[in-house]
Amino acid sequence: MVGPDVWETCRELIPARSVFAFLAEHRGELFPDEMFADMYPSANGRPSMPPQILAAAITLQALHGLSDFETVQQLRCDLRWKAGCGLGLHDMAFDPSLLAYFRRRLARSACPNRISEAVREVVKATGVLKGKHRRALDSTVLDDAVATQDTVTQIIAAVRAVIREVPGADTVAAAQCGAHDYTDPGKPRIAWNDEQARAELVDALITDALRLLGHLPDQQLGEKAANAVGILALVAGQDVEPAEDSDGRDGRWRITQGTAHERIVSTVDPEARHIHKTRSHRQDGYKAHLAVEPETGLYTAVALRPGAGPEHHEAAVGLHLLAEEDTPVDAFGDTAYSTGEARQALHQAGHRLFLKPAPLRPAVPGGFTLDDFAIDTATATVTCPAGHTAALSDPGGQHHQRKASFGNLCTGCRLRERCTKAKAGRILTIRPHHNLQTAARHQAATDPGWQADYRRWRPPVERAVAWLVHHGNRRLRYRGTIKNDTWLHTRAAALNLRRLINLGLTHTSGTWHITPAST
């Protein structure tokens, strides 16, 4: 410590019941030295900066949404930060790169989320969640830290990466690739307003990429080289299709119409994706998934996932968020969590479900929906509103769905105009877990108690989402799922710590307590 202890000399200047004051008083109990012993196993020397100070610094950094440089500036110039992290008045802190070094050590350790685990243990010790049996689920899109690339930029960047990372690729590129000077990271100089010129460029770049991939020497590749080859193969195929008069075998290509499923948006961060939270609004990045106790506003679980793919859907991640609950809870969520598979899994785990069912869409506007039919999955029969009965088929297809075809029964039916426009008559598709979904729709529509609980306890999760993205934190600072997931856990832990302090968190006699402020 350089200079007087800020907390001892300037205590009255530090806001009471703030995260700064709390860390100044209880930093040692929250982040004890032994908590980081496994990260510095060498007996020779010691860390240039105590890990306790670095842990406090990245906690405050996550809370305030600062870069490494901005964090160090606060540590040098702000009395609150000096007090919270235990620095002296004249202390110049450290180089910003030390924060990145500390995060790398955390990532390589046996417990990369130990900062958030420390706060989780505090929550558990206080008993603040004891008897709180509700969990509200939600997700929000976080913007990635890179620029979205067009097809031409992606292909050039991917080719350059292969030339850089794969041994011998530079020689292959010199012999096989002539559409662009790949030593130049910029775009080719063409008339970009000329559609024919753009088409010829794309065709040439794809040809270069395929030639490069096809002539690479047969060798064992390291991780970076293998990733570079894989990314080039993906970007060379995701945005193109055979030319209009091509049979797909003559090597002529054009930009495809539409967007490829799970399209890579940047070769710099290959895990970022196009994400649609609504039909009209699209962002590029990742999804943050949250489970929140709505009465206290504490995050009970968080996860960051890529924005596309069934395994990253809200319903699938929601199961993961509730998996660590010791006892069954009341689970609140919107229609994204209301899949049949999720309902069955949560129901089997004993949870009470307050998941808003997805609305049914009639085949004819204003006409009959699935719930207007009498469906008996046990006897495999379906009776339509007009009283006609059809048999249900056995489960089949990718989704193991069953179908009931009314066919000729629809001919001359007085209710046909309200039921179907199909010439062959109405075909009803029944998906697995149909009975669960039907019961859920009925409960949501007719149970006043269910409706009152949903209206009261579902909305608070929106406040937790707002807290999460406040101070510019909707924009991520790192690349890749792993680093950003670690950031999300640290951010949620810092917000939980602030919330606990507002509730009256203190440490006495070796234990954590919640002591509400007297009014």
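For the structure, see preceding data.
Values in this document were obtained by computation on a predicted structure and should not be read as measured data. (Residues numbered from 1 in each chain as written. Predicted model: local features only at pLDDT ≥ 70, side-chain atom pairs only at ≥ 80, totals over all residues. Heavy atoms only, no water.)

**Thoughts on the sheet that holds strand β9 (residues 374-376)**
At step 1: With respect to topology, three strands assemble into an open sheet ordered β9-β10-β11, the strand pairing being antiparallel. Edge positions in the sheet fall to β9 and β11 (389-391), since each of these pairs with one other strand and no more. Strand-to-strand twist in this sheet, taken as the mean axis angle between neighbours without regard to direction, amounts to 15°.
At step 2: Relative to strand β10 (residues 381-383), β9 is paired through three bridges, and the arrangement is antiparallel. Considered in β10, the bridge of D376 is made with T381. (Pairing = 2+ DSSP bridges. Helix = DSSP H or I, 4+ residues; strand = E, 2+ residues; numbered from the N terminus. Axes fitted to C-alpha atoms, helices over the stretch in contact; angles between N-to-C directions.)

**What to know about the environment of M49**
At step 1: If you trace the backbone, M49 turns up in the loop between α2 (19-30) and α3 (51-64).
At step 2: Residue classification places M49 among the buried positions, given a relative accessible area of 12%.
At step 3: With 45 residues separating them in the primary sequence, M49 and F94 have C-alpha atoms 8.0 Å apart.
At step 4: Sequence-distant contacts of M49, defined by excluding residues within four places in its chain, comprise L54, A93, F94 and L98. (Buried < 20%, exposed > 50% of the residue type's maximum accessible area, 1.4 Å probe, protein only. Contact = heavy atoms within 4.5 Å.)

**Focus on the nonpolar core**
At step 1: Core analysis: the largest hydrophobic core is formed by 79 residues, its most contacted members being L23, F31, F94, F102 and Y299.
At step 2: Every residue in contact with F31, bar those within four places of it in the chain, is listed here: L23, F36, Q52, A55, A56, T59, I115 and A118.
At step 3: In this structure, V152, A158, L201 and L212 belong to the second largest nonpolar core, which totals 29 residues. (Core = buried A, V, L, I, M, F, W, Y, C linked by side-chain atoms within 4.5 Å.)

**Brief notes about empty space enclosed by the protein**
At step 1: Scanning all chains against the criterion turns up two cavities of 30 Å³ or more.
At step 2: Space inside the largest cavity adds up to approximately 90 Å³.
At step 3: Around the largest cavity sit 14 residues that line it, and C384, A386, C410, C413 and C419 are the ones nearest its centre.
At step 4: Among the residues making up the lining of the largest cavity, the classes are represented as 10 nonpolar, two polar and two charged.
At step 5: Counted as a void, the second largest cavity has a volume near 30 Å³.
At step 6: Residue assignment for the lining of the second largest cavity shows that the elements contributing at least two residues are α12 (314-322) and α13 (340-348).
At step 7: If you tally residues by element for the lining of the second largest cavity, the top one is α12, at three residues.
At step 8: Residues that form the lining of the second largest cavity fall into these classes: seven nonpolar, one polar and no charged. (1 Å grid on protein atoms, 1.4 Å probe; cavity = no way out; pocket = protein on both sides within 12 Å on 5 of 7 lines; lining within 4 Å. Points joined across faces, edges and corners; volume = space filled by probe spheres on them. Nonpolar A, V, L, I, M, F, W, Y, C, P; charged D, E, K, R; others polar.)

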